[in-house]
Amino acid sequence: MNISPKKLQKLILENPLINIIDLRNDNQKKNNPLKNLKRRDISFEKIKDSDLNDNTILICQFGIETEKFIIEKKLSNVYNLIGGAAAWNYYISKKEDISRYARQLVLPQVGEKGQKQILESKVSIIGLGGLGTVVAQYLVGAGIGTIKLIDGDIISLTNLHRQPIYPISSIGDSKSKTLKKILSDVNENCSLISYDEYIDDENISEILIDTDIIVDATDNINSRFIIDRFCKKSKIPFVYGALYKFEGQVAVFNHNSGISYSDIFSNNKINENCNDIGILGMLPSIIGNIQSLEVLKIILKISPNLSEKLLIYDGLSHTMEKIELI
Amino acid sequence: MSIEIKVKCFAHVKNAIGKDIISLKMKENSTSDDVEKMIRKMTNSKLNNISFKIAVNQKYVSSNISLNDGDEVVLISPVQGG
Amino acid sequence: MIQVEINKKIITPFEDIDFFDLGSELVFNGRVRNIENNQKILGLYYEHYEEMAMKELIKLSNETLDRFPIRHLFCKHRVGEVLSGEVSLFVLVSSSHRKESFEALQWFLTKLKKQLPIWKWMILENGKRELVK
């Protein structure tokens, strides 16, 4: 019996232990590896009756050789994948394959419609340190379609305690390029663009062109004012995040022309950051994830959210305070 | 007396007949054209728009020829090698 | 002399050629497109009448050698499942000078497409297949 890639995807979700066998030769497997599919690699020459059980699925390059094989051997209860590895890889590469998000689609606030909105969204993350690396990872996981990774910094040894995604071998390398490389293996639906530069009033419009949401994962007030100016002008929401020892803050500014960062914070010209003050890696991870959650709430129009509110988290007492900003 | 002709099916013919190979029992002195007629009849009008070159025992025949028992005949629909 | 092959093996240009000659060496690589009959395809499936295809290829290759002053003709035609971007036909013609190589290759390819009992099936994005018109 023949099944389509879409049907195979369904069968796998119902039964993750399903018996899938790739019968292609080594060259074919090397040139066109099967994407995102757990299976056994055998070959037409080596396959035995004992390898086949009920509901086994056989795969070749286009589904033609396996179709012949099944007919010749008169195998019942063995399925042929229509279009083979080529059709499967094509199906997986299309953004329409949203079954990997099955566990979040179930939420009434998400659904297939919401997942498509997530896949069409464009988010820019400014700063790829403790906050930015966490935001990037979870937004890639959630299926954001396009993510810009912006940071002119390079990776140093003292970053690693709170940015554990960067391997030791990457010390000295560009954060944006390294993070792009790592996250490219996580989700093919996500287009990652890296900018190995610091934003300023001159380059920001060019870098942030065509962005729906901006995530502030910077470590200084000056950058926040630059972002704020841009967001006010272009009417783009700005998901603010900041850290101080065991405390963290999150807010959503400029959403639906709402209150802006500069309405709340004045330019104190304070230049302290985590390097001087100190921090444990868990704090940026918690705050970064709250920011990521707010990004999805904006995309999916979920209430309540942190628009026009300031959330303050205290990691020592584990208390959260939400301050209305208007 | 009848002769048995082995017909291998490819492409359009295989699509229409549904098999790789069939055996035709035909009258003695049947010809290659007779095989084509028979196949067209067997497949109703499925092969109406297709013209064939005929191969007997793996050689093209440019005109109608007589067949012998055990001959292999193939109706070759328009090819696209290369 | 001629050296010809028809099989499912992936074609690596120049591999398995038993000889190289001096002078003009003209190479043709036919790579499967990703569009056929105005439709996007994942690749082509080459169906062939095995016994006759090889005979016809040998006949055609010898005919080419007789017709044109070329010294050697090497041809590999891949059959079975071929992905877009992979090579399905490789031809190498060698002669003293290039004029005869170009003419021989052109003639050989034109005849090959008409004579060899090989058919192409398009593999569409949804995995289904159709004979190329």
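A few points on the structure.

About the cut-offs
Residues numbered from 1 in each chain as written. Chains lettered and ligands numbered in written order. Predicted model: local features only at pLDDT ≥ 70, side-chain atom pairs only at ≥ 80, totals over all residues. Heavy atoms only, no water. Helix = DSSP H or I, 4+ residues; strand = E, 2+ residues; numbered from the N terminus. Buried < 20%, exposed > 50% of the residue type's maximum accessible area, 1.4 Å probe, protein only. Contact = heavy atoms within 4.5 Å. Pairing = 2+ DSSP bridges. Axes fitted to C-alpha atoms, helices over the stretch in contact; angles between N-to-C directions. Phe/Tyr/Trp six-rings, centres within 6.5 Å; stacked < 30°, edge-to-face > 60°. Lys NZ or Arg CZ within 6 Å of the ring centre and 35° of its normal. Polar contact = N/O pair within 3.5 Å; in protein donor to acceptor, adjacent residues only side chain to side chain. Parallel < 35°, antiparallel > 145°, perpendicular 65-115°, else oblique. Left-handed = near helix turned anticlockwise from the far one by under 90°.

### Here we look at the environment of Lys-297 of chain A
All names here are of chain A.
Thought 1: Here Lys-297 is to be found in helix H13 (residues 282–300).
Thought 2: Judged by its relative accessible area of 17%, Lys-297 is buried.
Thought 3: In sequence terms Lys-297 and Val-110 are 187 residues apart; their C-alpha atoms lie 9.7 Å from each other.
Thought 4: Dropping the residues within four chain positions of it, Lys-297 is found in contact with Ile-302, Pro-304 and Asn-305.

### Brief notes about the sheet that holds strand E1 (residues 2–7) of chain C
Residues and elements named next belong to chain C.
Thought 1: Strand order in the open sheet formed by four strands is E1-E5-E7-E2, with mixed pairing between adjacent strands. Since the sheet does not close on itself, it has two edges, and those belong to E1 and strand E2 (24–31), each with one partner. Direction aside, neighbouring strands of the sheet carry axes that sit 5° apart on average.
Thought 2: Sitting on the sheet, helix H2 (residues 98–115) touches E2, strand E5 (72–78) and strand E7 (87–95), and the angle it makes with E7 is about 145°.

### A few points about the packing of aromatic side chains
Thought 1: In total, this model carries 15 aromatic pairs over all chains according to the counting rule given.
Thought 2: With 6.0 Å between their ring centres and 40° between their planes, Phe-238 of chain A and Tyr-261 of chain A make a pair best called tilted. On the criterion of sequence distance, the pair formed by Phe-238 of chain A in strand E10 (residues 238–244) and Tyr-261 of chain A in helix H11 (residues 261–264) is long-range, its members being 23 residues apart.
Thought 3: Tyr-261 of chain A sits in the buried class, given a relative accessible area of 2%.
Thought 4: Taking the centre distance of 5.7 Å and the plane angle of 50° together, the rings of Tyr-240 of chain A and Phe-253 of chain A count as tilted. Taken together, the residues span a long stretch of sequence, with Tyr-240 of chain A in strand E10 and Phe-253 of chain A in strand E11 (residues 247–253) at a distance of 13 residues.
Thought 5: On the basis of relative accessible area, Tyr-240 of chain A is assigned to the buried category, the value being 3%.
Thought 6: Ring pairing ties together the aromatic residues Phe-225, Phe-238, Tyr-240, Phe-253, Tyr-261 and Phe-265 of chain A, which thus form one cluster.
Thought 7: Above the plane of the ring of Tyr-60 of chain B lies Lys-53 of chain B, whose end atom (NZ or CZ) is 4.6 Å from the centre.

### Here we look at the environment of Asn-220 of chain A
Residue and element names in this part refer to chain A.
Thought 1: As for its position among the elements, Asn-220 is in the loop between strand E9 (213–216) and helix H10 (221–234).
Thought 2: Remark: the alpha-carbon pair of Asn-220 and Gly-127, spanning 93 residues in sequence, is separated by 10.0 Å.
Thought 3: From its side chain, Asn-220 meets the backbone nitrogen of Asn-222 in a polar contact 3.3 Å long.
Thought 4: At 2.7 Å, the side chain of Asn-220 forms a polar contact with the backbone nitrogen of Ser-223.

### A few points about the pairing of strand E4 (residues 39–48) of chain C
Residue and element names in this part refer to chain C.
Thought 1: Of all ten residues in E4, eight are buried, a share of seventy percent or more.
Thought 2: Pairing between strand E3 (residues 35–36) and E4: two bridges, direction antiparallel. Within E4, the residue paired with Glu-36 across the bridge is Gln-39.
Thought 3: When E4 meets strand E8 (residues 118–124), the two strands line up antiparallel, connected through seven bridges. The residue of E8 that forms the bridge with Tyr-45 is Trp-121.
Thought 4: Direction of pairing for E4 relative to strand E6 (residues 80–83): antiparallel, over a ladder of four bridges. Across the sheet, Gly-43 pairs through a bridge with Leu-83, a residue of E6.

### Considering the packing of helix H6 (residues 111–120) of chain A against H13 of chain A
All names here are of chain A.
Thought 1: The interhelical angle for the contact between H6 and H13, taken along N-to-C directions, is 115°, at an axis separation of 9 Å. The angle between H6 and H13 places the two elements in the roughly perpendicular class. Between H6 and H13 lies a crossing whose hand is right-handed. The residues of H13 that touch H6, namely those facing Gly-114, Gln-117 and Ile-118, are Leu-296, Ile-299 and Leu-300.

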